[in-house]
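Survey of secondary and tertiary structure
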Amino acid sequence: MGHTRYGTEAEEFDGAEVPNGYRASLKSVKSATSRFSRKSLVSPVVPMFDDAAGETWNMDVASCRSMMREDSDHYLTSDEEDVPGADNPLCASLKAMDAPPEPARTEVVDELLCAQNKRIRELWTSPDWHAVWIGSFNFLLVALLSFFYPYAENDNARDWLLPRPKRWSGNPLDAFSLYNGVGLVVVFTSMLVPFCLSQYVLGKFTPSMIPSFTICFFLALFSFFLGSHEGLRDFGIGYAVIAIASGLIIANVVSLVVDVSYLNPMAASGEFFIKCSLVLMAVELRTIESYGPPGILVGWVTSPISIAFTYLFTHRVLKCENKHLCMLLGVGVSWCGASAITAVAPVIKAKPADVSVSIGLVCLFVIAWTFILPYFALAVGMDDNVAGAWLGGSVDQTANVVVAAAIVSEECKEVAATVKMILNAGLGAMCVAISIIWIMFIEKDPGQKMPTAMTLWDKFPKFVLGFLVLSLVLSLIISKSNDEYRSDCFAASVMESSNWWAAMGFIGIGINTNVKALMSKVQRGPVIGGYFVGGIFDILITWIAAYVFFSGLTFSTISNPPNER
């Protein structure tokens, strides 16, 4: 008969027989029996005593019941003396336990307690919560750096406070400095240590993760280095494109001649890195208000409509059965390209291949739109403010928005950056809305009742909650700070910390993608058609909204957006 040691949860010890010297107190068995129900996930325990050895351990009541049925002459006592055989008062307890349980309030309470215990355990057993803790830890480090490191207002610290390669054009060494060199070691440590600790707690840690993480970090550093080149930036090629391309090359080219299996731990962690990035994508809530109603209407009204159109058109008209891919195409077309795709993918549990397809299409089409749309605006004599709002809401990537709008005029660039920042600020709210819609409507089982509040909470992605909480904390810190310059540096550095985790995630996703299978999937399915039609629809509806809300406006009616890093 198996038995259990004392603890918060009963677990099998060694399957050995309970020795004859052990006795169960009648009072303890009755108390445990009264609290036991077959529907309970956790069985109460009964103390077992060894008079000779003076030891005590616990047996769960279900095992005790089985033991009593086998032999009620042993191990069982009243509180005063042993009562053998059929005269043992525990016979009544046996019958009571064998009887079918009647519905009772205690069963409901037991179930609620078990569910509540599960939610509490998820705080250290769920990867989503671990992403929140890692993001919060990095957020705290950035706050300490921003408000306590000595720097002056004329240092342009928002461009270098959180170390990463600086902008350069001729000499590659211009991208680095002594502060960068030392700081990059600190950045690496602040990412590696919490990641390894998290994997250890989750039971996934292996020593091979450390060299794998190190190599991916240097690949991320390389992506930032190339993405900081002025020539590449002028064409809208940033770290995100280079990071995912690096991963794809390693997985589909380098792997043909060199064994890269040691990078598998990071390939499997790509989605986790993206979750950490989203937690740190905190925005100051006042930023949204400062941009004014016109920008909010263009950014937050047209984009949800475009998401819904692209999803429905690709899924129902073009008969694409992959709902996850349809949704990623919609958010990629309508919101902010790769950032929106990587933020929504874990919310709807999309596969890495779907993420790669979507980001690949974004990178392909955005280069064309970056030059076609601004020259079209110039050709038709579009007002600078209308053109800026149109480009800010239509061109997917933030860097490409700036490039496209700068072709028109400086004022157009400022308006476009404003509208794009509104979209970026609403990324978390978009993820929340999509997660609720996905749970309640898209993936709802036939005949399933409307989910309760607790069901929504159980399925709600907790890293999105982390984003919302850190956005609130960021807003409170900035509102209470008397140093506007340091507050601005703080907000920019938090976003840069998010970019580091995003770069790691892009590399992991790239390593985890088979290009041959990817191209086969794109060619067979209606993916390109859905993305193209969705993109045209987004361009048209945003153009209409830009004319409605921005005609006759001057940029002075809208607050200046934060300087782009």
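Residues numbered from 1 in each chain as written. Predicted model: local features only at pLDDT ≥ 70, side-chain atom pairs only at ≥ 80, totals over all residues. Heavy atoms only, no water.

**Here's the deal with a nonpolar patch on the surface**
Residues I120, L123, W124, W133, L197, Y200, V201, F205 and I210 make up a contiguous nonpolar surface patch of about 870 Å² in total accessible area. Looking at the element boundaries, Y200 is found in helix 6 (residues 178-201). When its relative accessible area of 61% is taken as the criterion, Y200 is described as exposed. (Patch = residues over 30% accessible without salt bridge, like charges linked within 9 Å, V, L, I, M, F, W, Y side chains within 5 Å. Areas by Shrake-Rupley, 256 points an atom, 1.4 Å probe, with all protein chains shown as cover. Salt bridge = Lys/Arg side-chain N within 4 Å of Asp/Glu carboxyl O. Helix = DSSP H or I, 4+ residues; strand = E, 2+ residues; numbered from the N terminus. Buried < 20%, exposed > 50% of the residue type's maximum accessible area, 1.4 Å probe, protein only.)

**A word on helix 23 (residues 484-511)**
The terminal C-alpha atoms of helix 23, which comprises 28 residues, lie 41 Å apart, in line with the 40 Å expected from a rise of 1.5 Å per residue. Here helix 23 lies mainly inside the structure; 24 of its 28 residues are buried. (Expected span 1.5 Å × (residues − 1).)

**Some points on helix 6**
Helix length check: helix 6, at 24 residues, gives a terminal C-alpha distance of 35 Å against a target of 34 Å (1.5 Å per residue), a fit within 8%. The first or second residue beyond helix 6 is G203, which carries a positive phi of 80 degrees.

**Regarding the state of the cysteines**
One pass over the full model with this rule turns up zero disulfides. The thiol of C326 is unpaired, and the distance to the nearest cysteine sulfur, on C320, comes to 3.7 Å. (Disulfide = S-S within 2.5 Å.)

**Considerations on the pattern of salt bridges**
Going through the model one piece at a time under the given rule, you end up with three salt bridges. Note that E496 and R164 form a salt bridge whose closest N and O atoms lie 3.0 Å from each other. Placement of E496 in helix 23 and of R164 in the loop between helix 5 (127-148) and helix 6 is noted, with a sequence separation of 332 residues between them. The partner of R486 in a salt bridge is D483, with the nearest N and O atoms 3.6 Å apart.

**Section: unusual backbone geometry**
With phi around 60 degrees, K319 is a residue other than glycine that occupies positive phi space. With respect to the secondary-structure elements, K319 resides in the loop between helix 13 (292-317) and helix 14 (323-334). Classification of K319 by relative accessible area gives exposed; the value is 58%. The backbone of K349 sits at a positive phi, close to 60 degrees, despite the residue not being glycine. Following the sequence through the fold, K349 ends up in the loop between helix 15 (338-348) and helix 16 (352-379).

**Some details on the nonpolar core**
Core analysis: the biggest nonpolar cluster contains 121 residues, and M327 and W500 have the highest contact counts within it. One finds Y151, L161, Y485 and C489 within the second-largest nonpolar core, a separate group that totals six residues. (Core = buried A, V, L, I, M, F, W, Y, C linked by side-chain atoms within 4.5 Å.)

**Concerning empty space enclosed by the protein**
Evaluation of the coordinates by the stated rule reveals one cavity of 30 Å³ or more. Put simply, the largest cavity is a space of about 50 Å³. Lining the largest cavity are V333, W369, S394, D396, Y531, G535, D538 and I539. At four residues, helix 25 (residues 527-550) tops the list of elements feeding residues into the lining of the largest cavity. Partitioned by chemical class, the residues of the lining of the largest cavity number four nonpolar, two polar and two charged. (1 Å grid on protein atoms, 1.4 Å probe; cavity = no way out; pocket = protein on both sides within 12 Å on 5 of 7 lines; lining within 4 Å. Points joined across faces, edges and corners; volume = space filled by probe spheres on them. Nonpolar A, V, L, I, M, F, W, Y, C, P; charged D, E, K, R; others polar.)

**Overview of the packing of helix 7 (residues 209-227) against helix 23**
Packing of helix 7 against helix 23 brings their axes to within 9 Å, and their N-to-C directions diverge by 110 degrees. With respect to helix 23, the axis of helix 7 lies roughly perpendicular. The interaxial crossing formed by helix 7 with helix 23 has right-handed handedness. For the pair helix 7 and helix 23, the contacting residues are F213, C216, F217, L219, A220, L221, S223 and F224 in the first and E496, N499, W500, A503, M504, I507 and I511 in the second. Of the residues in the contact of helix 7 with helix 23, the class split is 12 nonpolar, two polar and one charged. (Axes fitted to C-alpha atoms, helices over the stretch in contact; angles between N-to-C directions. Parallel < 35°, antiparallel > 145°, perpendicular 65-115°, else oblique. Left-handed = near helix turned anticlockwise from the far one by under 90°. Contact = heavy atoms within 4.5 Å.)

**Description of the packing of helix 6 against helix 23**
Contact pair helix 6 / helix 23: the axes reach a minimum separation of 12 Å and the direction vectors enclose 65 degrees. Relative to helix 23, the crossing made by helix 6 is right-handed. The residues of helix 23 that touch helix 6, namely those facing L184, V187, M191 and F195, are W500, W501 and M504. When the residues that make up the contact of helix 6 with helix 23 are grouped by side-chain class, the tally is seven nonpolar, no polar and no charged.

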